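# An overview of the molecular structure
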Amino acid sequence: MAARMSTPTYDPIHWSTTTAGALEIQFQRDGFIAVLGLLPEATIRAADCYASELLAQLDERPWAAGETYCQRFDIWTKVFSDIDKPEIAKLFVNGGLHEITEAITGPAPTVGAIGSWVTPHGCGQAWHQDSWSDYPAHFVLNRIVFTRDYAREQGALLVVPGSHRQGDLPSGKPYDALPGQVAIVPQANTCVLLHSRVFHCVEKNVTDAPRIQFNCRATPANAPSDLTSRARFRNGTWDFKTGKPW
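The structure reproduced in this document is the subject of the present report. Everything numeric in this text was worked out from a predicted model, so none of it was measured. (Residues numbered from 1 in each chain as written. Predicted model: local features only at pLDDT ≥ 70, side-chain atom pairs only at ≥ 80, totals over all residues. Heavy atoms only, no water.)

## Quick look at the sheet that holds strand 12 (residues 230-233)
- Ordered by their spatial adjacency, six strands build an open sheet running 8-7-10-5-12-13, and the pairing between neighbours is antiparallel. Where the open sheet ends on each side, the last strands, each with one partner, are strand 8 (182-184) and strand 13 (236-239). Averaged over neighbouring strand pairs, the angle between their axes works out to 30 degrees when direction is ignored.
- The pairing of strand 7 (residues 157-159) with strand 8 spans three bridges and is classified as antiparallel. Residue L158 lies in a different strand from strand 8, and its bridge partner there is A183. (Pairing = 2+ DSSP bridges. Helix = DSSP H or I, 4+ residues; strand = E, 2+ residues; numbered from the N terminus. Axes fitted to C-alpha atoms, helices over the stretch in contact; angles between N-to-C directions.)

What follows is the structure in structure tokens.
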């Protein structure tokens, strides 16, 4: 717990006090932004009700990407894929989010399916980069929405600002601290936009209440459609197409 408390907390920017252009400048510098109050509260409440429905099904869900992957990288998550519920779709058709997305990706990005990642008690997502390419400028934009407040003990999102320009994630133990890391403690109606090359981690959830988030990725027009099939971790690599290291 001491390691958690020593990491500076990153405070989201309230949408009412900023512009898409200002957020794009910060994104280019840091490789991520966190925006509070971007979506209508009624939209967040409706999505959170559906989140509770998903969590009621959690025990019957398999571990994401298989146990070989989970054990190798100490990443234990349960995923609900291709969510088409209107309550969740509304999270990602918001005008403000569309404006910010295109400021970052350029016009007409390819928008992927919506997924929900859940970390139950004792589970987290070790340090990783979501994509790898011979062309480091290529990236995918994670657009992560939280529909409820979380305590730090449920798992902050750790990010190293500017790491999207630092090359490959350095080797080491899966959850060991990295220089410069900051912690985003999710609040309801927070949207985190995250460059797929940024070093990031979800701390392990030490409570009995699962942590749930929704993500709908946007791929710039000049980036390959399969860019996130190869990921890098502190203790190795993984190709999600072949189900083995690359």
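There's plenty left to go through after this.
## A word on the sheet that holds strand 2 (residues 32-36)
- In space, the seven strands of this open sheet follow the order 1-2-9-6-11-4-3, with mixed pairing throughout. Pairing within the sheet leaves two strands with one partner each, and these edge strands are strand 1 (13-14) and strand 3 (78-80).
- Set on the sheet, helix 2 (residues 20-30) makes contact with strand 1, strand 2, strand 6 (141-146) and strand 9 (190-195); between it and strand 2 the angle comes to about 140 degrees.
- Lying over the sheet, helix 3 (residues 41-55) contacts strand 3, strand 4 (110-119), strand 6 and strand 11 (211-219), oriented at roughly 115 degrees with respect to strand 11. (Contact = heavy atoms within 4.5 Å.)

## A word on the packing of aromatic side chains
- Across all of its chains, the model carries eleven aromatic pairs by this definition.
- Where F27 meets F139, the ring centres are 6.2 Å apart and the plane angle is 40 degrees; that geometry is what we call tilted. Residue F27 is found in helix 2, and its partner F139 is found in the loop between strand 5 (125-129) and strand 6; the two are separated by 112 residues along the sequence. In this pair, the class of F27 matches that of F139, namely buried.
- Linked through ring pairs, Y69, F73, F233, W238 and F240 together constitute an aromatic cluster.
- Just above the ring of W63 sits the side chain of K78; from NZ or CZ to the centre is 4.8 Å. (Phe/Tyr/Trp six-rings, centres within 6.5 Å; stacked < 30°, edge-to-face > 60°. Buried < 20%, exposed > 50% of the residue type's maximum accessible area, 1.4 Å probe, protein only. Lys NZ or Arg CZ within 6 Å of the ring centre and 35° of its normal.)

## A word on the state of the cysteines
- Per the stated rule, a full pass over the model turns up zero disulfides.
- Looking at the unpaired C49, the closest cysteine sulfur is the one in C191, lying at 20 Å.
- In this model C70 remains outside any disulfide bridge; the closest cysteine sulfur is found in C123, 8.5 Å from its own.
- Using a relative accessible area of 0% as the deciding quantity, one classes C70 as buried. (Disulfide = S-S within 2.5 Å.)

## A closer look at the pairing of strand 5
- With five of five residues buried, strand 5 is to be regarded as a mostly interior element.
- As judged from the two bridges shared by strand 5 and strand 12, these two strands associate in the antiparallel manner. Looking at strand 12, one finds that H128 is bridged to F233.

## A look at the side chain of S116
- Its location among the elements puts S116 in strand 4.
- By relative accessible area, S116 is classed as buried at 0%.
- At a separation of 3.1 Å, a polar atom in the side chain of S116 contacts the main-chain carbonyl oxygen of Q213. (Polar contact = N/O pair within 3.5 Å; in protein donor to acceptor, adjacent residues only side chain to side chain.)

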